[in-house]
Structure formats: C-alpha cells, structure tokens
Amino acid sequence: MRKGDSGSAEKITPLTMDVYAENVLDHYRHPRNKSQEPKTKVQDSAIIHTEENLSCGDTVTVHLAIENDRITSISWDGTGCAISQAAMSMLSEESSGKSIREMEVLMPQNVYDLLGVPIGPRRTKCALLGLHTVKNAMRKHAGKEMQRWTETMGSS
Amino acid sequence: MDAVRRQFPYLRAKPQPVYLDSAAMAQVPDAVLDAVNAWEQSSRSNVHRGMHERAEASTIAYESARSTVQTFINATHADEIIFTKSCTEAINLVARSWGEQNLHTGDAVVLSILEHHSNIVPWQQLQERKGIDILWVDMDDEGGLRYDQLETHLQSGRVKLVAITALSNVLGTAPDLPKIISLAHKTGALVSVDAAQAIAHMPIDVQELDCDFLAFSGHKLYAPTGVGVLYGKRELLQSMPPFLGGGMMIRNVTTEGFSPADLPAKFEAGTPPIAQAVGLAAAIDWLKQYSWKDIQTHEQEILQLTIDRLKSIPALHILGAAGNFQFSIFNFQFLHGCLSFTLSSVHPHDLTEILGRKGIALRAGHHCCMPLHKRLGIPASNRLSVGIYTTKEEIDACVKAILEAQKKLHP
C-alpha cells in the first residue's frame, strides 16, 4: 500500500467516488503538452525517456529540457488507459518550470492530489507511470542510475 | 437456469451480479461449501498419519476424492491421480521431475503460441538449466494451430515432449488434441495437456486421448482454490524421481538418505490440500448431475449470443476465431468457455473498471498470455468468460454497459 496517504485524502475522495471524474476525462480526451516530438526549440538538448507498464502495455515517453537546474520545457507522448494518460497530462503541467530540487520531492500523493480521485491498489501503477517516467528522465539528466518502481511508489 | 444459479451463494446476491470471469475463477455452489464444511466439522484430521478415528475418516474422504477424479477423467488407476496445489504446480512437477530426468542438451519441447505462462515458464526454466530448445507452433488467423509447423518440428526427431493447452484461456479455441497426440506419439514424443480451462467445459477421457500427462485445477471447476490435479500414465510416474521432498513422499529415511514412497504418495510431499480435494470431489459430483450435452448446449448458446451482440458494437473487435465466424456457421466444437475482444480507443483496464463499478466482472490484461498478445499485436484485451450459470440477461447487461462506457470515455 501507499505510504503516508491513509489520512485526509481518503476522506475527501471516498472509494465510491467515480475514478472517471470529469477533470480526469478532460485530460484524457484533451491531453496537455502531448506531442510525438520534443518541442522544437529544445530539440538539441532534450532528454528523452520512456517507461512502460508491462502488465497492461501502457507506455509514456517524456521529453525534457533542463536549463539552470530548472525544467524549461516538457512534452510527452504515450498510449494507455485514461488514468495513466490523464495523470501524465496533469504532471506535465505541474512539472513545467519546476527546479530539480522541487522535482525530487514530488511524491505519489502529489499525483493522487492532481487526479483528485481515489486510486486503489489496482490502479496505482497506472496513476504513477508518468511520475516514474519523469523521475527517471531527471535521473538520466543527472547521470544517475534508474530508480525502480518500488522507489517511485514510495515503498522501497 | 434459475435452479442452477440459486445454488451459488454469490449469484444469489442482490442486485444480481453479472459475473463473466469464470475463466479466472468459477464460483462455488452450496454443495461444495457444505462438503468442505462437513469435513471440517466431522473429519478434520491429517491423512495417512494416525490410527484414530478421525484420521481414518479423513483418509477415506481424501482417497475417495482421488477415486472421484479418476472416474471423472477416466484414468486407469487411482494412483495416476496426484493432488497438487494448482494446475501450475502440476505442470512444474512434470517439468522438474520428468524434464530433469529425461531432457538433455539438444532435445526440444514443443509449445503453442496459445499457451498460458504456466505452461511456458516451467519449460523456459528447463531451457536455461538443461540446454534444451523450445519450438513454437504458431496459430492461423482464426486461432487454430498451425499443425504443419507441429509436423515439421516433430520431424526434426529432437522433440521429446509436446506441451499443449486443451483450450485457450484467451481465444476460447480448442486445439485438436487427438490429432496432436497421434502425431507426437508417431515420433516418440510425449504429450502433456494443460486442461486448466477445458476441464469445466468439455468431457475429458485420458485413456481415449492417450495423453501422457494432463493437469488442471479445482477453482475453475466450481471447486475451492488451492487444489490441482496431475494425471500421468502410471509407468511414467513410476519412473520419475520425486518432485518436492518431505513427509509422506518417503518409504524410508535414514541419516544417510531416503527412498521414495510408491505412487501417488511419492509426489505428495507434506500435508496435502485435504479439505480442498474433498471440495473438488464434491464439485465433480455436483457437476455430474448435469449432462455434458446440456452444459455445452447452454454455454454455446450464451457464447453465440455474446458474439452476435458484441458484433453490433461499433469499433469492437473480437479476437481470433470468434471474430471471423459468421453466426450461421458457428462451429460447435471450436469455441468454448470464453472469448476476448478489444475496443478501439478504450483501454481494457478502463473498460473493465467502469464495468466493475456497475457490478459487471470481466477480466482485462494479457491473461497470463503475453506471447499470444504479442502475436496478436495488442498489449491487452478484455475477456468475457461463461460458465454453467451464465445467463442471457448477464450478456445483455454487459453489452449495454460497454456501450455506455464507450460513450463516457469518448462522447
């Protein structure tokens, strides 16, 4: 189970609440910052990283440009379920302009808060595929080893 | 139909559940729960391990369950029936015991692209350890096997075993087992049958089939979880070394070593799944009150209706044979138990989650068949599976909900 999220978030979003809330569906139908290629101006310095969820075949590729320790541009591409794609869309808005330090402290709960719907154990990996991809893109940029799913999920 | 459904505690629930996931787990009738409960209440004790009355009652119940399974699949001898914890363990037993002893570098095992991971990975584990090759038999566009490839493989003279499913857990298509077994035996190869899905949907006679091994589990046959069966021809089982070591499987143990017990104990190390075996026998007895003809007629009617209804949904694609069949030429002998489909622009996890919230249970994913899904060129699919208790109303409710889900995700 997820760490440190058994408190207030569950009360605001009871499990009976529809996971396909309008705001999730809106991001799914109209994904933000989605494009097959990195944004033109950052093409030269873009960090490109792909992760997939083998159990359901969802994939996300992020293209990042980092200047002065800050994300100056982010775009992404992917296929998958509404939760994974909406979460990445929201995360791309959230990450834009953030510093490396700010990205390091980005946690699963931040993604759940963005989604605003209850994410049960069945859908955890869907919700966090984008975060996992972004985290590892940042690591790639820093020349560090890739982090495992357990680390992204906060249970390592 | 109501008379069948009323016997299942879960299916009596209100509102009426729409349970279309029996290929993963069949529901269990009262008769099975009662038999398990009766054993717990009046016979619970270990088997073959005491002189007291309960030990005897429990042993009698356990061995009687073995005889029930023997009769059900028409094995020649009761000691050809080995109780395991699952179909998976039964297949692993064949791989670890028979495979370790009989397969050597350069030998080959034939698998089909339809196989479940439980009939792939145990052989891949052997591949690494023993230096054997795995030769794959592809399928045609209707989900039937490429028997020409099987023949080519067999002609290589290297094939020692064909490990084949009796029924695809994704496409619902049944390979021609008599043909496969006859072809294999002609070249001296043995045949191990994975009957996990088939066992609940068609009569199986191991003597008529002449298969060398056959495995299935209880939970897809309206029985408890935690029990599986391995059938093996007696002379093969006798010649094989033990699989797991422990109590019950020995004849004699000294500080220097051990000698194994006779069949079937040799392969039943540790306390076996006694209550579960009793439940399995009760499930078989319960099922036998219906004829296979009636069961199959009912399930085929439901599958025909399902295909017909699903085909009316725009952008829905049924995988394999079921997708190609014309309603009028639906082949009675070809499709059993389940079918799978994809819906354009709707991920299976989204569809089944939306359906699940309406009390409609389907399975989504690769159904433990990643090579098959790769072959089909899709990451995942939705599977609709039926059982003896499935109703037309359930199919109608499911189809209605699919249309609503489609509209919700892409208005």
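Residues numbered from 1 in each chain as written. Chains lettered and ligands numbered in written order. Predicted model: local features only at pLDDT ≥ 70, side-chain atom pairs only at ≥ 80, totals over all residues. Heavy atoms only, no water.

(A) Quick peek at the overall build of chain B. Along its length, chain B carries 15 helices and 15 strands. The globule rule puts the C-alpha radius of gyration for 411 residues at 22 Å, and the 22 Å found for chain B is close to it. When its C-alpha atoms are laid out on the principal axes, chain B stretches across 75 × 55 × 35 Å. Across the 411 residues of chain B, 57% fall into the buried class. Considering only contacts in chain B between residues 6 or more positions apart, those separated by 24 or more positions represent 70%. A gap of 5 Å separates the mean positions of the 36 positive and 43 negative side-chain charges of chain B. (Helix = DSSP H or I, 4+ residues; strand = E, 2+ residues; numbered from the N terminus. Rg over C-alpha atoms; globule rule 2.2 N^0.38 Å. Buried < 20%, exposed > 50% of the residue type's maximum accessible area, 1.4 Å probe, protein only. Contact = heavy atoms within 4.5 Å. Lys, Arg positive; Asp, Glu negative; His and termini not counted. Charge placed at Lys NZ, Arg CZ, Asp CG, Glu CD.)

(B) Helix 10 (residues 274-287) of chain B, seen in detail. All names here are of chain B. In this model helix 10 runs 20 Å from its N-terminal to its C-terminal C-alpha over 14 residues, within 8% of the 20 Å that 1.5 Å per residue would give. With respect to burial, helix 10 is a largely interior element, 12 of its 14 residues being buried. Restricting attention to buried positions, one finds in helix 10 the residues Ile274, Ala275, Ala277, Val278, Gly279, Leu280, Ala281, Ala282, Ala283, Ile284, Trp286 and Leu287. Along its buried surface, helix 10 packs onto helix 1 (2-5), helix 2 (30-42), helix 3 (53-73), strand 2 (81-84), strand 8 (228-232) and helix 11 (292-310). (Expected span 1.5 Å × (residues − 1).)

(C) Representation of the pattern of salt bridges within the structure. Going through the model one piece at a time under the given rule, you end up with 31 salt bridges over all chains. One salt bridge in this structure joins Lys98 of chain A and Glu94 of chain A, with 3.3 Å as the shortest N-O distance. When the shortest N-O distance is used, the salt bridge between Asp148 of chain B and Arg146 of chain B registers 2.9 Å. Looking at Asp148 of chain B, the relative accessible area reads 42%, which means it is partly exposed. When salt bridges with common partners are traced through the structure, they connect Arg123 of chain A together with Asp350, Glu353 and Arg357 of chain B into a single cluster. (Salt bridge = Lys/Arg side-chain N within 4 Å of Asp/Glu carboxyl O.)

(D) Structural context of the interface of chain B and chain A. At the junction of the two partners, chain B supplies 15 residues and chain A supplies 20 residues. Summed over both partners, the interface of chain B with chain A buries about 1,400 Å², with 49% contributed by carbon and sulfur atoms. Sorting the residues of chain B by area buried against chain A places Glu353, Arg357 and Lys408 of chain B first, and these three jointly supply 37% of that buried surface. Between Asp18 of chain A and Lys408 of chain B there is a salt bridge, and its shortest N-O distance comes to 2.3 Å. The interface formed by chain B and chain A includes 10 residue pairs in polar contact (both at pLDDT 80 or more). Sorting the residues of the side of chain B that touches chain A by element identifies helix 13 (348-356) and helix 15 (392-409) of chain B as the ones contributing at least two each. Looking at the side of chain B that touches chain A, its residues break down into 6 nonpolar, 5 polar and 4 charged. (Buried area = accessible area lost by both parts, 1.4 Å probe. Polar contact = N/O pair within 3.5 Å; in protein donor to acceptor, adjacent residues only side chain to side chain. Nonpolar A, V, L, I, M, F, W, Y, C, P; charged D, E, K, R; others polar.)

(E) Representation of the environment of Ala26 of chain B. Residues and elements named next belong to chain B. Inspection of the secondary structure puts Ala26 in the loop between strand 1 (18-19) and helix 2. With 141 residues separating them along the chain, Ala26 and Leu167 place their C-alpha atoms 16 Å apart. Each residue touching Ala26, except ones within four places of it in the same chain, is listed here: His219, Lys220, Leu221, Tyr222 and Tyr389.

(F) Representation of the environment of Gly279 of chain B within the structure. Topologically, Gly279 of chain B is positioned in helix 10. Here the alpha-carbon distance between Gly279 of chain B and Ala223 of chain B, two residues 56 residues apart in the chain, equals 5.7 Å.

(G) Main features of the confidence of the model for chain B. For chain B, the average pLDDT comes to 94, and 97% of its residues sit at 70 or higher. Under a pLDDT of 50 for its full length, residues 326-330 of chain B has, in the predicted model, 7 contacts with residues more than four places off or in other chains. (pLDDT = per-residue confidence, 0-100.)

(H) Seen up close, the sheet that holds strand 3 (residues 70-79) of chain A. Residue and element names in this part refer to chain A. As summarised here, the arrangement of the 3 strands in space is 1-2-3, forming an open sheet in which the pairing is antiparallel. Of all strands in the sheet, those with a lone pairing partner are strand 1 (47-53) and strand 3, marking the two edges. Going across the sheet, the axis of each strand differs from the next one's by a mean of 20°, ignoring polarity. Relative to strand 3, strand 2 (residues 58-67) is paired through 9 bridges, and the arrangement is antiparallel. (Pairing = 2+ DSSP bridges. Axes fitted to C-alpha atoms, helices over the stretch in contact; angles between N-to-C directions.)

(I) Structural context of helix 3 of chain B. All names here are of chain B. End to end, helix 3 covers 31 Å across 21 residues, agreeing with the expected 30 Å (1.5 Å per residue, within 8%). Residues Ala55, Ser58, Thr59, Tyr62, Ala65, Arg66, Thr68, Val69, Gln70, Phe72 and Ile73 constitute the buried set of helix 3. Immediately downstream of helix 3, the backbone of Asn74 shows phi near 55°, a positive value.

(J) Summary view of the packing of helix 5 (residues 108-115) of chain A against helix 6 (residues 124-142) of chain A. Residues and elements named next belong to chain A. Two elements in contact, helix 5 and helix 6, have axes separated by 10 Å at closest approach and are oriented at 105°. Between helix 5 and helix 6, the crossing angle belongs to the class labelled roughly perpendicular. Between helix 5 and helix 6, the residues in contact are Pro108, Val111, Tyr112 and Leu115 and Thr124, Ala127, Leu128 and Leu131, respectively. Looking at the contact of helix 5 with helix 6, its residues break down into 7 nonpolar, 1 polar and no charged. (Parallel < 35°, antiparallel > 145°, perpendicular 65-115°, else oblique.)

(K) Structural detail: the sheet that holds strand 11 (residues 316-318) of chain B. Residue and element names in this part refer to chain B. The strand order across the open sheet formed by 4 strands is 11-12-15-14, and the pairing between neighbours is antiparallel. Two strands bound the open sheet, and with one partner strand each, they are strand 11 and strand 14 (363-365). Each adjacent strand pair in this sheet contributes to an overall mean axis angle of 30°, direction not counted. In this sheet, strand 15 (residues 381-385) lies alongside strand 14 in antiparallel orientation, the contact comprising 3 bridges.

(L) How the structure looks around the nonpolar core. Counting 82 residues, the largest nonpolar core has Ile73, Val162, Ile204 and Leu214 of chain B as the members making the most contacts within it. The element best represented in this core is helix 10 of chain B, accounting for 11 residues. In terms of domain composition, this core takes at least three residues from each of domain 1 (2-20 + 290-409) and domain 2 (31-287) of chain B. The residues contacting Leu214 of chain B, other than those within four sequence positions of it, are Val193, Ala195, Ile204, Val206, Leu209, Val229, Leu230 and Tyr231 of chain B. In this structure, Leu115 of chain A together with Leu339, Val399 and Ala401 of chain B belong to the second largest nonpolar core, which totals 67 residues. (Core = buried A, V, L, I, M, F, W, Y, C linked by side-chain atoms within 4.5 Å. Domains from an automatic or database assignment.)

(M) How the structure looks around the packing of aromatic side chains. All names here are of chain B. Summed over all chains, the structure comprises 10 aromatic pairs over all chains. Aromatic side chains Tyr222 and Tyr389 sit 5.7 Å apart centroid to centroid with 85° between the ring planes, which places their arrangement in the edge-to-face category. In this pair, Tyr222 sits in the loop between strand 7 (213-217) and strand 8 while Tyr389 sits in the loop between strand 15 and helix 15, placing the two residues 167 residues apart along the sequence. Note on Tyr222: relative accessible area 2%, which makes it buried. According to the relative accessible area criterion, Tyr389 is buried, its value standing at 0%. Site record: aromatic cluster; members linked through ring pairs are Phe8, Tyr222, Trp286, Tyr290 and Tyr389. It is Lys179 that lies over the ring of Tyr147; its NZ or CZ is 4.4 Å from the centre. (Phe/Tyr/Trp six-rings, centres within 6.5 Å; stacked < 30°, edge-to-face > 60°. Lys NZ or Arg CZ within 6 Å of the ring centre and 35° of its normal.)

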